[in-house]
Amino acid sequence: MTTSIVIILIATATTGIALENYEQKARPFLEKHCFSCHGPDKQKGKVRFDQFTGLTEENTELWRLALESVKLGEMPPEDEPQPSGRERQTFVHWLGEGLLDPDLAGDAHQALYDPAQGNRVSHEKLFDGSVKIPAWSPPRMWRRSQSQYDALMEELWVIPRLRNDYATHRDKPEFAHFGYSRPFPQMDPENFTNYSGGVHADSGTLMGLLDAGQQLAMRLTSEKNKFHRLHQPTEQIGFPRSSWEEFEAVIPPKRAAEFEPFLVKDAQPTQVEQASAIRHVFSLILDRPPNNEERERYGEFLSTNIQKSGALASLHGLITTVIVSPEFVFRMEVGMNRPDAHGRRMLSPKELMYAIAYALVDGGPDAELVQAAESGRLSTREDVEREVRRILADDSIEKLPKLRFWQEFFGYPQAMDVFKERDGRRYFPELLIRDADQLVNHVLEKDRQVFSQLLSIDRYFVGYPTAGGNGELRAKWIAAERDRIRKSLEKTKSRGKDISKDPRARLLAEGKTIMPAARHNDASHWSKQYALIYGFDAHSMVWTPEQPMKIKEPRLGMLMHPAWLLAHSTNFDNDVVGRGHWIRERLLAGAMPDIPIDVEAQVPEDETKTLRERMEVTRQEYCWKCHKRMDPLGLTFENFDHLGWHRIVEFTDKRRRNKRPVDTTGAIAFSGEPGLDGPVADARELVKKLADSKRVRQSIIRHAFRFWMGRNEMLSDSKTLIDTDQAYLKSEGSFNEMLVKLLISDSFLYRK
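Quick caveat: nothing in here was measured; it's all calculated off a predicted structure.

**Some thoughts on the overall build of the chain**
At step 1: Helix and strand content of the chain: 30 helices and ten strands.
At step 2: Within the chain, buried positions represent 54% of all 752 residues.
At step 3: Nonlocal contacts in the chain, meaning residues at least 24 apart in sequence, comprise 72% of its contacts between residues at least 6 apart.
At step 4: Surface accessibility of the chain: about 33900 Å² in total, with carbon and sulfur atoms responsible for 51%.

Okay, structure coming up:
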């Protein structure tokens, strides 16, 4: 073996727990494939496998990583003699059982598609340049994502086009009256949701697709104009009701002429009309014409069902049948070109067309990308780079996967799912999520030092319309709010009440801009209360449409954004362990073991103690081995409560009678980066250090790799990660340049 195993396996001559059957099942494998470089005559990396005789508490994790390398075929390297399938299987099974982990002894490629296993590969080895193995990805089958399905349904006007709102409206009850089916639900909100090997289509997906097919069929064969006003979402944040009538409405297209022969009473469409309908359905749903076999098969399907059920029912059946077809649900990436010297196959132009499109947009390939593939101009790395740069540079193309990466990376949309026991304060997770989305989009638009900006920016969006870039509409929005407040004050004055001390009257008289209501259909003021979380009194603050804006509270970046704090909290408390665990894995590329089955992970209740004091239970020797890597990170956020409000004291009881000063001290430890470790006074100092960290930058690069490759890294992806990291550095922190380098890498282009 080469020195690439050095970081993965520390071969110290310990006298730890001897593994059962080591001499029979493991040593022969090591002698044949490892001792030539790591034995008595040669010790690459100062490693001697012939002296490695057992498993100790200290090296268990390193054994685990070694096992994954052998399972995934990364070791022995491809230029060395390879073990037979039986030899590899015997070694893997023996070590997997020795580590008491049935999953590790199973399918070798499963670890690639388990987000929890993402940091198991040595971070140092991925970025030190010693791995020279050419990069590739396994052949993959992607299941259509819910966002891709939504984009198609918007294009076909099954659901409203939410042009100006990136919040998670489709998950909200308002969409129920559309009868909108969601056949591809998000699987794991705590991890990246689109790993190619980890998402499947089961019976629930099939039932959802059948419902979706019927829904689509009804919409495509109806007069869609009548749905236009009905389908304006009731929570289109950022627009007063009066603005909707003046908003530039996009009228849905009329019903397709190809369907008209099926809608006449007692219709009997001709063979030509049936063939025309089949072509149109294929074009709408599969984005291609049917081949000869499909024309014949679906033509027979239509003719038979017209006689049995009638023309309209048969057309509905046709649409539903195409929706549940494997081609609609899945797309393949196997590499259709000839293998190169390393046995890798480059993706074909058609495979690249879809791979590029769905990496950058939700709606599939545009006309220029299709033309490039069909004309032979999408067959080289340079061709791919040209198309990627074209799409990234085109502001008219909505590139939602870029935003979605950061949503899933930071996890702040989970704020919608955290139930809170209210203590008299209202909280508005959907508005905070919208604010966070706008901050992310702002940083992405600037596209300079994106990682450090997202971690340490000192400005936030507060009560900003989602179409705030539209100056004319924004002016109408602000004017409508001033008019509403003026009428409210006049009504109050007509009742004989004094309005001279009302701060709104003073601000109006001074011509200042008052923060408008956050919901377009809400004439009351309650939705302004969410601004209190930023330290503002929304009724008296001088609000500015020029955002992001400075706020009064000592917040920095996404980790102190109310949406992130709310998402990473429990029902009643801050989630100290969860926040520390998140930072350890997402920003420091660390790997944490699962909670032992014999541990009851509960923080004791005690109304006389602060949360930090109650967390002392994790200082027990058995617990502290893991908690010392998480708690000192998570405790730095104690100057915010579980609703995300800033505080300088902590109330230890629900009646808010016992208050104690907050302690925000913490530390970074075991980071793996010289100079980063050390005590920190609070979360501000923590995020400033993290924002400047090389390891944090590289950890984010690794997570971007997972999101866009749909799998975890292998050692063979080292060059891809190094090149991507360097592209980010040389471009002064451009996320777009990082993404270009990622999408022209061998990991993206080749299958093996």
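**Quick word on the packing of aromatic side chains**
At step 1: Inspection of the entire model under this criterion finds 27 aromatic pairs.
At step 2: Plain terms: the ring middles of Phe410 and Trp582 are 5.9 Å apart, the flat faces sit at 20 degrees to each other, and that makes the pair stacked. A residue pair is termed long-range when its members are at least 10 positions apart, and Phe410 in helix H16 (residues 400-410) and Trp582 in helix H22 (residues 576-587) qualify at 172 residues. Assigned by exposure class, Phe410 and Trp582 land together as buried.
At step 3: Where Phe707 meets Trp708, the ring centres are 4.6 Å apart and the plane angle is 75 degrees; that geometry is what we call edge-to-face.

**Here's the deal with the pairing of strand S2 (residues 330-333)**
At step 1: Only one face of S2 is buried, namely the one carrying Arg331 and Glu333, since none of Phe330 and Met332 on the opposite face is buried.
At step 2: Here strand S1 (residues 140-143) pairs with S2 via four bridges, running antiparallel. Paired with Trp142 across the bridge in S2 is Arg331.

**Describing the state of the cysteines**
Note on terminology: disulfide describes a covalent bond linking the sulfur atoms of two cysteines.
At step 1: For the structure shown, the criterion picks out zero disulfides.
At step 2: Note on Cys623: no disulfide assigned, nearest cysteine sulfur contributed by Cys626 at a separation of 8.7 Å.

**Examining the nonpolar core**
At step 1: If you look at the biggest cluster of nonpolar residues, it comprises 122 residues, and the most contacted ones within it are Trp406 and Phe410.
At step 2: Counting 32 residues, the second largest nonpolar core, distinct from the first, contains Met153, Ile278, Leu318 and Ile323.

**Quick notes on the packing of helix H14 (residues 367-374) against helix H15 (residues 381-393)**
At step 1: Here H14 crosses H15 at 170 degrees, and the two axes come no closer than 11 Å. Here H14 is positioned roughly antiparallel relative to H15, judged by the angle of their axes. Contacts between H14 and H15 pair Glu368, Leu369 and Ala372 from the former with Arg386, Glu387, Arg390 and Ile391 from the latter.
At step 2: For the contact of H14 with H15, the class distribution of residues is three nonpolar, no polar and four charged.

**Overview of the side chain of Ser693**
At step 1: Counting through the fold element by element, Ser693 comes out in the loop between helix H26 (683-691) and helix H27 (694-709).
At step 2: Reaching out from Ser693, the side chain makes a polar contact with the backbone nitrogen of Arg695 at a distance of 3.1 Å.
At step 3: Leaving out residues up to four positions away in the same chain, Ser693 has contacts with Glu673 and Leu676.

**Re helix H28 (residues 718-730)**
At step 1: In a regular helix each residue adds 1.5 Å, so 13 residues correspond to 18 Å; H28 covers 18 Å between its end C-alpha atoms and thus fits that length.
At step 2: Listed as buried for H28 are Ser718, Thr720, Leu721, Thr724, Asp725, Ala727 and Tyr728.
At step 3: One or two positions beyond H28, positive phi appears at Glu732, with a value near 60 degrees.

**A few points about the pattern of salt bridges**
At step 1: According to the stated counting rule, one finds 38 salt bridges in the structure shown.
At step 2: Of the charged contacts, one joins Arg389 and Glu737 as a salt bridge, the two residues approaching to 2.8 Å between their closest N and O atoms. With Arg389 in helix H15 and Glu737 in helix H29 (residues 735-743), the pair connects residues that are 348 residues apart, well separated along the chain.
At step 3: Among the ionic contacts, a cluster of salt bridges with common partners joins Asp366, Glu368, Asp383, Arg386, Glu387 and Arg390.

**Things to note about the confidence of the model for the chain**
At step 1: Looking at the chain as a whole, the pLDDT averages 81, with 78% of positions reaching at least 70.
At step 2: A low-confidence stretch, residues 225-249 stays under pLDDT 50, and its non-local contacts, those more than four residues away or across chains, total 72 contacts.

**Considering the side chain of Arg482**
At step 1: Within the secondary structure, Arg482 is located in helix H19 (residues 471-494).
At step 2: The side chain of Arg482 is buried and forms no salt bridge, while Asp483, the nearest opposite charge, is found at 8.8 Å.

**Some remarks on the environment of Ser396**
At step 1: On the secondary structure map, Ser396 appears in the loop between H15 and H16.
At step 2: Engagement of the side chain of Ser396 in a polar contact is seen with the side chain of Asp394, the distance being 2.5 Å.

**Description of the packing of helix H7 (residues 203-220) against helix H11 (residues 311-323)**
At step 1: At a closest axis distance of 8 Å, the pairing of H7 and H11 adopts a crossing angle of 135 degrees. Taken together, the axes of H7 and H11 lie oblique to each other. In terms of crossing hand, the pair formed by H7 and H11 is right-handed. Here Leu209, Leu210, Gly213, Gln214, Leu216, Ala217, Met218 and Leu220 of H7 come into contact with H11, specifically with His316, Ile319, Thr320 and Ile323.
At step 2: Partitioning the contact of H7 with H11 into residue classes produces eight nonpolar, four polar and no charged.

**Details of the environment of Gln307**
At step 1: Mapped onto the secondary structure, Gln307 falls in helix H10 (residues 292-309).
At step 2: Judged by relative accessible area, which is 60%, Gln307 ranks as exposed.
At step 3: Separated by 39 residues in the primary sequence, Gln307 and Gln268 place their C-alpha atoms 8.6 Å from one another.

**Notes on the environment of Gly634**
At step 1: With respect to the helices and strands, Gly634 occurs in helix H25 (residues 631-634).
At step 2: Among the residues examined, Gly634 registers a relative accessible area of 0% and is labelled buried.
At step 3: Apart from residues lying up to four places away in sequence, Gly634 is in contact with Val576, Arg579 and Gly580.

**Looking at H14**
At step 1: Every buried residue of H14 is accounted for by Leu369, Ala372 and Ala373. Down the axis of H14, the buried set is contained in an arc of 95 degrees. They therefore lie on one face. Exposed side chains of H14 directed beyond 90 degrees from the buried face belong to Ala367 and Glu374.
At step 2: Once H14 ends, the next one or two residues include Gly376, with phi positive near 80 degrees.

**Some thoughts on unusual backbone geometry**
At step 1: Following Gln547, the chain continues into Pro548 via a peptide bond in cis, with omega recorded as 10 degrees.
At step 2: By secondary structure assignment, the location of Pro548 is in the loop between helix H20 (503-509) and strand S5 (549-550).
At step 3: Despite not being glycine, Asp447 has its phi angle at roughly 55 degrees, a positive value.
At step 4: Following the sequence through the fold, Asp447 ends up in the loop between helix H17 (429-446) and helix H18 (450-456).

What counts, and where the lines are drawn
- Residues numbered from 1 in each chain as written.
- Predicted model: local features only at pLDDT ≥ 70, side-chain atom pairs only at ≥ 80, totals over all residues.
- Heavy atoms only, no water.
- Helix = DSSP H or I, 4+ residues; strand = E, 2+ residues; numbered from the N terminus.
- Buried < 20%, exposed > 50% of the residue type's maximum accessible area, 1.4 Å probe, protein only.
- Contact = heavy atoms within 4.5 Å.
- Areas by Shrake-Rupley, 256 points an atom, 1.4 Å probe, with all protein chains shown as cover.
- Phe/Tyr/Trp six-rings, centres within 6.5 Å; stacked < 30°, edge-to-face > 60°.
- Pairing = 2+ DSSP bridges.
- Disulfide = S-S within 2.5 Å.
- Core = buried A, V, L, I, M, F, W, Y, C linked by side-chain atoms within 4.5 Å.
- Axes fitted to C-alpha atoms, helices over the stretch in contact; angles between N-to-C directions.
- Parallel < 35°, antiparallel > 145°, perpendicular 65-115°, else oblique.
- Nonpolar A, V, L, I, M, F, W, Y, C, P; charged D, E, K, R; others polar.
- Polar contact = N/O pair within 3.5 Å; in protein donor to acceptor, adjacent residues only side chain to side chain.
- Expected span 1.5 Å × (residues − 1).
- Salt bridge = Lys/Arg side-chain N within 4 Å of Asp/Glu carboxyl O.
- pLDDT = per-residue confidence, 0-100.
- Lys, Arg positive; Asp, Glu negative; His and termini not counted.
- Left-handed = near helix turned anticlockwise from the far one by under 90°.
- Arc of directions from axis to C-beta.

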